[in-house]
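A structural walkthrough
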Amino acid sequence: MRTLYLKELRALLPLQILMILTNSADFFYRPLTQRLDEKAWTDISSYIGPGEGADMGISLVVFGLLIAYSLFPREHDEGTIDFLYSLPVSRRAIFVAKVAAGWTVLLVGCVVLQLSDFTLQSQNPQSFVGEQWRLDVSASVVLLQASFAGIVLCHGLVLSFLRRFGLIPYAMGGWVVISLERVSPTFSYLNVMNILTLEYDGQRVAIPWFELGLHIALAAFCVALAYVLWMGRAEWATALWAKAQKAPHGRAALGCATVLVVIGFFVLAVIISLGDDDESDRGFDPDDDGLRPVSFSVDSAETERFDFTYPSNMREKALALIRGADDLHEGLRQRLSAHKGARVIVDLTEQSPHHEGITAWTKMRVGLIAAIDEAHLRHVFTHELVHSFQFQESQRRLGDNNRATRFFGEGSAEYFAFELVPNESQRRASRQVTLAAWSRHRIRFEVLADDDALRESFDPHLVYPMGESWTAALVEACGAAAPGRVLRAMGREDAPQDLAPMAFWQDTLQAVDCDLEEVIGRWEQMMLEGVESEAEFLAALPRLGGGVASADSDEIVVLAALDRAPLPSELYPEVRYYLRVRDNPGVDDSQIRAFEGDVLSLGEGRRIEFRVPRDYFHGQRFQFQLGLRFNPRCWAYFEPWQFADVQ
Amino acid sequence: MDRIAALLEKELRQHLATLVGLFLTLPMAYLITVLGVVSSPDNITVLTTHQVFLWVFVPLTGMVLGHRLVVVEYHGRTQLFVEALPIRRGEMVTVKYVLGLLIVMGVAITSLLFSSLFALGSEPLGARFMGLMTLRTMAYTFCVWSVLFAMGFLGRFRVPIYVGLVILVFALNALTELELRRFGPFAMVDQQLVLERVVPPPGSALAATLILGAAWVVLAYIMALINEGSIAEALARRMTLKEKSAVGVLFVAALSATTVLEDRRQQAPFSFQEDEVIRSTTVPLEILYLRESALSDAETLRDQLESDLSSLAHTLRGDDGREIDLPPIRVALRESLDATTFEPVGLSKNDGILVRANFRSSEPWEGGGNSSFRAFLIREVLSELTDGRAEFEPKAWIQDGFSRYWADRDRLDSCRQSPASCAPLLRALWATRGRRDVRDWQLEQWFRTRERHGEEIAWSVAFSGLLVLEERSGRDAVIALARRLYARSAPSDMRELVHDRLHPMSDLFEATLGIPFDEFLTEWNAELDRLRELPEVAAVLDGVPEATGKLTIERDVGAIRNAVVRLDLRPSQTGRSLNLQSAVVSLLHRDLTPFDRPLERHELRREERLVELDELTIELQLLGRYGPGMRIFVALELESERLGCPIRVLAERRAVR
């Protein structure tokens, strides 16, 4: 048995070397390119960060399957398994030796990764960053990675029986699991990759014991099945497979099976897609109009600059917008000094619960049905039209640099929407949200201009009101034509690519002879003056704090407390309180769920209660942020994100 | 012609099952794509279905066909039977290629037609738009099929080559200015495929697509025809495990190499664009003052900085007498900042330093802001000169101390003569009061020391060290130390690590100054003790609030936690004895990741409160802001007029339970 085990290890040695080199290649090049005594563990092992780790799954899946496919198929295809059978060892021993050798290779790969990373980071003698390494975290990572790789190995043992055909249902199964998870986070325990995504309780890794146990149990079943398939009595399974491959009707049967698997997969995918389309359980979004899809016939209309499609039964509402559309186009074109561009295609049948409008290039979709009134519709339409100009004037670079430009894209769209469709009360409310966020969260331009950083800590919708005020500062500092010039500077032929956000803005404004520092200076000055003029409002605006108050099998109750009296109802009659939840900072906006709170007491206790169905959560921890909306037509003010345990 | 027809018939008969399979599965694939696109919250047009289908299913179809038409034939060596017939080898390859192309093209065009039908209800589709979409679709399909067809002839190396191509494309995209989405076949199927209704695809992208496709066709023919097809036949054998591993190692090496190689277009060097900029003629210094009324303040600052920087460049000159090259230094006026807060701005490599400050003349600026800013700027210059090495923690205290020392170099004598009126020295004396001596581990862990005391106080402690050194060994000793640390270029690799291991702090003092470091520390502490005992110093220090802070995490309902910070003033030091009615207390806080790193001041959230000092205990609360499982940093600062800076009475990293 031991000899067999060693023989298998020898056979897998090339893969062992490859795995070590793949995972630990930086052990060789980092010393030549970096000062190791300045590198932290988190710099070297990016997979240990909170919410990170799943990327390692790709490498571990590849090696898990490679090793699994190296254990049995070749021995059978080339007939060398018969030599092993002729040895005085049981079939079980052969099987165990092979599987153990395979898992050993994976385990060694994971351990060597930790050792090499430990060695690299240990050169850093500094406090804080030099003291990041912890044995418990490293051991937890090895446990999770080696378990994951072992689970994939067990899957691979079964799949390899079907040779390359086995990879098709495996890939499809993976897709189905990921789709199910997207439809409902409840199914996330099915996704084995989630085992690798690290969550922390303080500084300790929170091991997902339930998921780990479940997948290890499934893997054990796979091992048993693989044993039956590869080592079963008289090799009936392998003989059957070989026969099926040789005989024409066998190949036909395999072909039919393939088609059936693929069709079955598609049927499942259709069902999942339809389930995904069901908006009824998305929670409540402060920006959700509560609209649900309906059917209607459509009409079309043409103007000088637009081709409209609209619901026939909303002709009057549509025509009110269509009549002024060319004027809005011309007004915007002049403000941006833009070319007329191509005709704009406007689909007014939009019914999305996620947004009021969406634009790409010269195609716009605007929610005519959801619009509160004509002024609001014109605001949304103008906002989207600005996006169309942005795409064209910047040669799509605005979208290419979304991380750095999102605040400007949305903010300048808001700015021009307010300029062309004036609404002072709404603009003031928008600025009030900006001022509250700026003064309380100390949001610097460096954060605003880096969408990843902004959404990691703050309300991702802040780009709209804050970007609007920043665009106003840009106009003040660099002239009314500056937004248009900035867009064209982004699209210039020789614009450097993939710059970090600050470098991007320095370069772009420099290209239009404008100074980023001056714009930021004006913006901050504007904020300071705003804080002064809105001091009364800001002093009255409550701050919210809270956490999970209780949890049962159906729902989680989050309680929020106000740190001062609520806003006076005579001035703010429609104040509403919201809770947003998300899994981690990396999720996109559509995966953020929002819930409106019930006011328990606005007296001494000042408590708001939020009830969240438990199946919205899939990890052990989640993030939430509390906020309130004081103007129904404006953005809500939100506190920073904070973590909580699901319990 | 008969030969071609016979070949075609043979191929169709041989691969009938595959074609039937594709016929059954592709409509399902299309259907799921439509549903996915329609249900996507970001969907702008149903035509996107066609784009997605071209990205995913057309290549998959091509891979299946390529496998059946080429790989299976050569792997099974059945092409030898066909070659034995009176048919040219080229004809066999042509039939396979054209058959595959027609099928893949048919699939792509069908997708376009169905997508257009679905889109008709919500948008107009003109002839030009349809023509443009068809052109892009056909060019892309031709290129993709040509690549996949040719890959079939590469036999056992095709999978590694697929992987290699992916790595190559990834590397080119990530490390060079090549924008993949605007290049060749990728540009054909980007979002413009279904959005651009008027302008044809860029000629260069179209040409690249067609040339690329043609090149792969040529490669396929070369592989199939050269040496009577023996190369393709030889390559069709199965790969051994060793070959797989060797190829894998090559990929790892290639990937590693891409991390070192980078060839990007450089952005234009940073410069101020406004007219409101004054420049120095002697040092690379620019000051953006933004408004006319700030010009005189900017000029005053320029004069001071010119003096600081030119003398620094001269002092840190090399052994050959050449002055060091200062990096470009820029200061931008930021009136929203207070006089003692400075914001360094990240610039690209070689762009130098940019710092925001409020240098308008004011009491706080004149009272200490100016001096602190100059020290801050010198500190930034030292970092830039050494490519960040000056901030290496074991020696970072010297950087902090030397910066302040250099900014105050004209006041050092008065500091020594009248320590009670020297703010930096007073801060150091206050920080080291009551047997809180400076220890070597505090200097080694300078970032912790800085966090515990706050920046201003910590910098002053470091400054006091250099002041003592100057008094003991003269100014030349301080300068020798600075030159040793900052007048050298630090390599960005392990050579610097080795250098630092060979020259620790003790060696630095011993070799440069001839003083054992322990001895210096003892003298430093003794001198601070002596100064603290001076009556005028003691009188000032007695007026500094003496307080302690305590952080408590209190449980509220369920898992809600409140962070409560208590400030306790020493009983003898209520507001009355301090001659103060009130003081500003700042609560600095933020959440932490599981892995520690030094925190910058601007990263901290701040709650300020004006508190009455007639009470012994003051409490501040953060209600429900941090929950169990989070780690937080909390610091409490009390403004001290005597020291001219906040004193930190609490700095703690804590896990909330």
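Counting from 1, residues in each chain are numbered in the order their sequence is written. To read the labels, note that chains go from A and ligands from 1, taken in the order they are written. Where local features are concerned, this predicted model is filtered to residues with pLDDT of at least 70; where side-chain atom pairs are given and counted, the filter is 80 or more; whole-chain, interface and lining totals use all residues. In computing side-chain values, all of the structure's heavy atoms are included and hydrogens and water are not.

Regarding the overall build of chain A
Each helix and strand in chain A was counted, giving 25 helices and 16 strands. In terms of overall dimensions, chain A has C-alpha extents of about 90 × 65 × 60 Å along its principal axes. When burial is assessed residue by residue, chain A has 57% of its 647 residues classed as buried. Contacts in chain A between residues far apart in sequence, at least 24 positions, make up 73% of those at least 6 positions apart. Surface accessibility follows the Shrake-Rupley procedure with a 1.4 Å probe radius. Residue values consider only the protein chains on display as shielding. On chain A, roughly 25500 Å² of surface is accessible, and the fraction owed to carbon and sulfur atoms is 58%. We count Lys and Arg on the positive side and Asp and Glu on the negative side, and we leave His and both chain ends out. Each charge is placed at NZ for Lys, CZ for Arg, CG for Asp and CD for Glu. Distance between charge centres in chain A, computed from 60 positive and 85 negative side chains, equals 6 Å. Secondary structure elements are defined from DSSP: runs of H or I of at least 4 residues count as helices, runs of E of at least 2 residues count as strands, and each element is numbered from the N terminus. Exposure classes here rest on a 1.4 Å probe applied to the protein chains alone. A residue is buried below 20% of its type maximum, exposed above 50%, and partly exposed in between. Any pair of residues with heavy atoms lying within 4.5 Å of one another is described as a contacting pair.

What to know about the interface of chain B and chain A
In this complex, chain B contributes 116 residues to the contact, which on the side of chain A involves 112 residues. The largest share of the area that chain B buries against chain A comes from Ile-44, Gln-273 and Phe-595 of chain B, three residues that together contribute 7% of it. In the sections that follow, a salt bridge refers to a side-chain nitrogen of Lys or Arg positioned within 4 Å of a carboxyl oxygen of Asp or Glu. Our enumeration of links across chain B and chain A arrives at 15 salt bridges. Taking the shortest distance from any N to any O, the salt bridge between Asp-400 of chain A and Arg-182 of chain B comes out at 2.8 Å. Amino acid classes used here: Ala, Val, Leu, Ile, Met, Phe, Trp, Tyr, Cys and Pro are nonpolar; Asp, Glu, Lys and Arg are charged; the rest, including Gly, are polar. Residues belonging to the side of chain B that touches chain A are distributed by class as follows: 44 nonpolar, 32 polar and 40 charged. When two parts are brought into contact, each loses some accessible area as probed by a 1.4 Å sphere; the total of that loss over both is the buried area.

Considering the side chain of Glu-637 of chain B
All names here are of chain B. Relative to the helices and strands, Glu-637 resides in strand β11 (residues 631-640). Classification of Glu-637 as buried rests on a relative accessible area of 3%. In terms of polar contacts, Glu-637 uses its side chain to reach the side chain of Arg-601, at 2.8 Å. When residues no more than four places from it in sequence are discounted, the contact partners of Glu-637 are Val-584, Val-585, Ser-586, Leu-588, Arg-601, Pro-646, Ile-647 and Arg-648. By the criterion applied in these results, polar contacts are pairs of N or O atoms within 3.5 Å in which, for protein atoms, one can donate a hydrogen and the other can accept it, and in which residues neighboring in sequence qualify only through two side-chain atoms.

Overview of the nonpolar core
In plain words, nonpolar cores are sets of buried Ala, Val, Leu, Ile, Met, Phe, Trp, Tyr and Cys residues tied together by side-chain atoms within 4.5 Å. By size, the foremost hydrophobic cluster in this structure holds 229 residues, and its most contacted members are Phe-381, Trp-470 and Trp-505 of chain A together with Trp-397 of chain B. Excluding residues within four positions of it along the chain, Trp-470 of chain A makes contact with Phe-407, Phe-408, Phe-445, Trp-505, Leu-509, Leu-516, Val-519, Ile-520 and Trp-523 of chain A. In terms of nonpolar packing, the next biggest core, distinct from the first, is built from 74 residues, Ile-358 of chain A together with Leu-26, Phe-57 and Leu-235 of chain B among them.

Here we look at the pattern of salt bridges
A side chain with one charge can pair with a side chain of the opposite charge if their charged atoms come near. Tallied over the full model, the rule gives 98 salt bridges over all chains. For Glu-131 of chain A, the salt bridge identified is with Arg-448 of chain B, shortest N-O distance 2.4 Å. You can see Glu-131 of chain A sitting in the loop between α8 (91-121) and α9 (135-159) and its partner Arg-448 of chain B sitting in helix α18 (residues 446-453), one on each of two chains. Glu-131 of chain A gets classed as partly exposed once you look at its relative accessible area, which sits at 38%. Taking relative accessible area as the criterion, Arg-448 of chain B reaches 26% and is therefore assigned partly exposed. Across the pair Arg-450 of chain B and Asp-400 of chain B runs a salt bridge whose closest N-O atoms are separated by 2.8 Å.

Regarding the confidence of the model for chain B
Values of pLDDT, which run from 0 to 100, indicate the predictor's confidence residue by residue. Model confidence for chain B is summarised by a mean pLDDT of 89, while 96% of its residues fall at 70 or above. Interface scoring of the predicted complex returns ipTM 0.85; its pTM is 0.87.

Details of the sheet that holds strand β9 (residues 555-562) of chain A
All names here are of chain A. Two strands are counted as paired when DSSP detects at least two bridges linking them. Spatial strand order, β8-β9-β13-β12: 4 strands in an open sheet with antiparallel pairing. Strand pairing shows two members of the sheet lacking a second neighbour, β8 (544-551) and β12 (598-601), which therefore form its edges. Each adjacent strand pair in this sheet contributes to an overall mean axis angle of 30°, direction not counted. Bridge count for β8 against β9 is 7 bridges, and the pairing is antiparallel. Bridged to Gly-545 within β9 is Ala-561. Angles shown run from 0 to 180 degrees and are taken between the N-to-C directions of axes, each axis being a line fitted to C-alpha atoms and, for helices, limited to the stretch in contact.

With respect to the packing of aromatic side chains
Aromatic ring pairs: the centre-centre distance and the angle between the two ring planes describe each pair. Centres within 6.5 Å are what make two rings of Phe, Tyr or Trp a pair, Trp counting through its six-membered ring; a difference in plane orientation under 30 degrees is then read as stacked, over 60 as edge-to-face, and the rest as tilted. Counted under the stated rule, the structure contains 49 aromatic pairs over all chains. Pairing Tyr-572 of chain A with Phe-630 of chain A gives two aromatic rings, centres 5.9 Å apart and planes at 90°, and the pair type is edge-to-face. Of this pair, Tyr-572 of chain A sits in the loop between β9 and β10 (576-582) while Phe-630 of chain A sits in the loop between β14 (621-629) and β15 (637-638); the two residues are 58 residues apart in sequence, bridging distant segments of the chain. Phe-630 of chain A carries the same exposure label as Tyr-572 of chain A, and that label is buried. With a centroid separation of 5.4 Å and an interplanar angle of 50°, the aromatic rings of Phe-342 of chain B and Phe-376 of chain B are classed as tilted.

Structural notes on a nonpolar patch on the surface
Put simply, a patch holds well-exposed residues, over 30% relative accessible area, that have no salt bridge, with like charges counted together within 9 Å and Val, Leu, Ile, Met, Phe, Trp or Tyr side chains within 5 Å. Together, Leu-32 of chain A together with Met-494, Val-498 and Leu-502 of chain B line one region of the surface with nonpolar side chains, adding up to about 390 Å² of accessible area. At 3 residues, the largest contribution of residues to the nonpolar patch is made by helix α21 (residues 494-502) of chain B. Inspection of the secondary structure puts Met-494 of chain B in helix α21.

A word on the sheet that holds β11 of chain B
Residues and elements named next belong to chain B. With antiparallel pairing, 4 strands are arranged side by side in an open sheet as β9-β8-β11-β12. Unpaired on one side and paired on the other, β9 (605-612) and β12 (645-655) mark the two borders of the sheet. Pairwise comparison of adjacent strand axes, ignoring direction, gives a mean angle of 20° for this sheet. By the bridge criterion, 8 bridges tie strand β8 (residues 582-592) to β11 in an arrangement that is antiparallel. What sits directly across from Leu-588, in β11, is Ala-635.

Details of unusual backbone geometry
Residues and elements named next belong to chain A. The phi dihedral of Trp-361 falls on the positive side, at around 55°, and the residue is not glycine. Looking at Trp-361, the relative accessible area reads 10%, which means it is buried. Positive phi outside glycine occurs at Arg-396, with the angle close to 70°. Relative to the helices and strands, Arg-396 resides in the loop between α15 (374-393) and α16 (397-400).

Notes on the pairing of β14 of chain A
All names here are of chain A. Within β14, 9 of the 9 residues are buried, which leaves it mostly tucked inside the rest of the structure. In β14, alternate side chains face the same way, and those of Arg-621, Gln-623, Gln-625, Gly-627 and Arg-629 on one face and Phe-622, Phe-624, Leu-626 and Leu-628 on the other are all buried. By the bridge criterion, 7 bridges tie β10 to β14 in an arrangement that is antiparallel. What sits directly across from Tyr-577, in β14, is Leu-628. Pairing analysis gives 4 bridges linking β14 to strand β16 (residues 642-645), with the strands arranged antiparallel. Paired with Phe-622 across the bridge in β16 is Ala-644. In terms of strand pairing, β14 meets β15 through 2 bridges, oriented antiparallel. Counterpart to Gly-627 in the pairing with β15 is Phe-638.

With respect to helix α14 (residues 315-336) of chain A
Residue and element names in this part refer to chain A. In this analysis, the expected span of each helix is defined as 1.5 Å times one less than the number of residues it contains. Between the first and last C-alpha of α14 there are 31 Å, a value that for 22 residues agrees with the 32 Å anticipated at 1.5 Å per step. We define the bend at each residue as the angle formed by axes fitted to the 7 residues ending at it and the 7 residues starting at it. The largest bend in α14 is about 40°, located at Ala-325. Just downstream of α14 lies Ser-337, where phi reads positive at about 50°.

Points about the packing of helix α20 (residues 475-486) of chain B against helix α22 (residues 505-513) of chain B
Residues and elements named next belong to chain B. Two numbers describe how α20 lies on α22: the axes approach to 10 Å, and their chain directions differ by 125°. Relative to α22, α20 is oriented oblique. Handedness of the α20/α22 crossing: right-handed. Taking contact as the criterion, the partners of Ala-477, Ala-480, Leu-481, Arg-484 and Leu-485 in α20 are, on α22, Asp-507, Leu-508, Phe-509, Ala-511, Thr-512 and Leu-513. An angle below 35 degrees is read as roughly parallel, one above 145 as roughly antiparallel, one from 65 to 115 as roughly perpendicular, and any other as oblique. By convention the crossing between two helices is left-handed if the near helix lies anticlockwise of the far one by an angle smaller than a right angle, and right-handed if it lies clockwise.

A few points about the state of the cysteines
Our working definition of a disulfide is a cysteine sulfur pair at a distance within 2.5 Å. Inspection of the entire model under this criterion finds 2 disulfides over all chains. At a sulfur-sulfur separation of 1.6 Å, the disulfide partner of Cys-478 of chain A is Cys-514 of chain A. Of this pair, Cys-478 of chain A sits in helix α21 (residues 463-478) while Cys-514 of chain A sits in the loop between α23 (501-511) and α24 (516-533); the two residues are 36 residues apart in sequence, bridging distant segments of the chain. The residues Cys-478 of chain A and Cys-514 of chain A share a single accessibility class, namely buried. There is a disulfide in this structure between Cys-415 of chain B and Cys-422 of chain B, and the S-S distance comes to 1.7 Å. Residues Cys-415 of chain B and Cys-422 of chain B are joined through a disulfide that is right-handed, its torsion about the S-S bond being 55°. You'll find Cys-415 of chain B and Cys-422 of chain B in the same group, each marked buried. Summary of cysteine pairing: Cys-645 of chain B is not part of a disulfide, and the nearest cysteine sulfur, belonging to Cys-422 of chain B, is at 12 Å.

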